[in-house]
Amino acid sequence: MTDHTPGWLPPEEYVRTIANATTYGCLYLTDRDGRPLGLRSHIDPDLWQWPDWA
């Protein structure tokens, strides 16, 4: 059965009409004096760690 509704597109064609979006996120940590905070591992310089304020 074919739908002849004006403006109707098959799903595979409809998906191509949806706008693509790029998303990203960022986290900026500072100490209590407002200075940027980043913790890099001294064992592996490519490894960054999150501070533990617990």
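Everything below is about the structure printed above this text.
Residues numbered from 1 in each chain as written. Predicted model: local features only at pLDDT ≥ 70, side-chain atom pairs only at ≥ 80, totals over all residues. Heavy atoms only, no water.

Student: What is the right way to read the pattern of salt bridges from this model?
Tutor: Close approach of charged atoms allows side chains of opposite charge to pair. The full count for this structure, using the stated rule, is two salt bridges. In this structure, aspartate 31 engages arginine 35 in a salt bridge whose closest nitrogen and oxygen atoms are separated by 2.7 Å. For aspartate 31, a relative accessible area of 24% gives the class partly exposed. Between aspartate 33 and arginine 35 there is a salt bridge whose closest N-O contact spans 3.4 Å. When its relative accessible area of 62% is taken as the criterion, aspartate 33 is described as exposed. Among the ionic contacts, a cluster of salt bridges with common partners joins Asp31, Asp33 and Arg35. (Salt bridge = Lys/Arg side-chain N within 4 Å of Asp/Glu carboxyl O. Buried < 20%, exposed > 50% of the residue type's maximum accessible area, 1.4 Å probe, protein only.)

Student: So what exactly am I meant to see when it comes to a nonpolar patch on the surface here?
Tutor: On the surface, Leu9, Tyr14, Val15 and Ile18 cluster together into a nonpolar patch covering about 370 Å² of accessible area. Among the secondary structure elements, tyrosine 14 is positioned in helix α1 (residues 11-17). On the accessibility criterion, tyrosine 14 (47% relative accessible area) is partly exposed. (Patch = residues over 30% accessible without salt bridge, like charges linked within 9 Å, V, L, I, M, F, W, Y side chains within 5 Å. Areas by Shrake-Rupley, 256 points an atom, 1.4 Å probe, with all protein chains shown as cover. Helix = DSSP H or I, 4+ residues; strand = E, 2+ residues; numbered from the N terminus.)

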